[in-house]
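# Topology and contacts: notes
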Amino acid sequence: MSGNITFTMIKPEAVEKKETGAILKRIIEGGFKIKALKMTRLTKEQAGEFYGVHKGKPFYESLITYMSNGPILAAILEKNNAVADFRKLLGKTDPNEADECTLRKEFAESKSKNAVHGSDSDENANIEANFFFSKRERF
Ligand code: ADP
Ligand code: MG
């Protein structure tokens, strides 16, 4: 069903700081159901593909270096209105601009190291979910 899944990633610095449990707890308490979950690590090439839309931007090179620097926790989440509701829970890209009670307000270090990813559209949610998970890893 369209509109009910989104894709998220707990980014390397948050994994390194042992915040995966606290972040997943907030996500589950926020009403999202975990449909698939995987600890993995991106190569720089994979990070470049995942963030291909940002190629050419000043932060692109440092972004893909940072995102391939350590393990990440990837997940597919299910909820009605998943993409928009997860962006609400996530908060703005820059934690200084993020609302109180958002994941980025609580866990992000900076605009670049902002702890958690969230898809920005239903189309990208599907592309990103398929980037990380095969059909048999989803239910
Ligand atoms: P979001 O993750 O909120 O959807 P974007 O898609 O615009 O944000 O950017 C992807 C990621 O690139 C951000 O989460 C952040 O890690 C990094 N990023 C975005 N803008 C900047 C910036 N101006 N300076 C440094 N890093 C940035
Ligand atoms: Mg984005």
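One can find the structure itself at the top, above this paragraph.
Lining the immediate surroundings of ligand 1 are K11, Y51, H54, F59, L63, R87, T93, R104, K111, S112 and N114. Measuring from an oxygen atom of ligand 1, one finds a side-chain N or O atom of T93 at 2.6 Å. The protein chains hide 77% of the 530 Å² of surface that ligand 1 would expose on its own. Taken together, the residues that form the shell around ligand 1 break down as 3 nonpolar, 4 polar and 4 charged.

With that settled, consider the nonpolar core. Ranked by size, the top nonpolar core spans 19 residues in total, and within it F7, M9, M67, A74, F132 and F133 carry the most contacts. Considering each element in turn, this core owes the most residues, 5 residues, to helix α4 (residues 60-67). Those residues in contact with F7 that lie beyond four places of it in its chain are F50, A74, A75, H117, G118, S119, A125, E128, A129, F132 and F133. In this structure, V15, I23, L73 and L90 belong to the second largest nonpolar core, which totals 18 residues.

Here we take up the packing of aromatic side chains. Scanning all chains against the criterion turns up 7 aromatic pairs. Between F7 and F50, the ring centres sit 6.0 Å apart and the planes meet at 55°, which makes this aromatic pair tilted. With F7 in strand β1 (residues 5-10) and F50 in helix α3 (residues 44-50), this residue pair connects regions lying 43 residues apart in the sequence. Exposure class is identical for F7 and F50. Each is buried. Geometrically, the ring pair formed by F32 and F86 is edge-to-face, given 5.4 Å between the ring centres and 90° between the ring planes. Remark: F86 occurs in helix α5 (residues 82-90) and F32 occurs in the loop between α2 (20-29) and β2 (33-40); sequence separation between them is 54 residues. Given a relative accessible area of 4%, F32 falls into the buried group. Looking at F86, the relative accessible area reads 0%, which means it is buried. In this arrangement the basic side chain of K79 is found over the ring face of F32, its NZ or CZ atom lying 5.7 Å from the centre.

Here is what the cut-offs are and how they apply
- Residues numbered from 1 in each chain as written.
- Chains lettered and ligands numbered in written order.
- Predicted model: local features only at pLDDT ≥ 70, side-chain atom pairs only at ≥ 80, totals over all residues.
- Heavy atoms only, no water.
- Near = heavy atom within 4 Å.
- Polar contact = N/O pair within 3.5 Å; in protein donor to acceptor, adjacent residues only side chain to side chain.
- Areas by Shrake-Rupley, 256 points an atom, 1.4 Å probe, with all protein chains shown as cover.
- Nonpolar A, V, L, I, M, F, W, Y, C, P; charged D, E, K, R; others polar.
- Core = buried A, V, L, I, M, F, W, Y, C linked by side-chain atoms within 4.5 Å.
- Buried < 20%, exposed > 50% of the residue type's maximum accessible area, 1.4 Å probe, protein only.
- Helix = DSSP H or I, 4+ residues; strand = E, 2+ residues; numbered from the N terminus.
- Contact = heavy atoms within 4.5 Å.
- Phe/Tyr/Trp six-rings, centres within 6.5 Å; stacked < 30°, edge-to-face > 60°.
- Lys NZ or Arg CZ within 6 Å of the ring centre and 35° of its normal.

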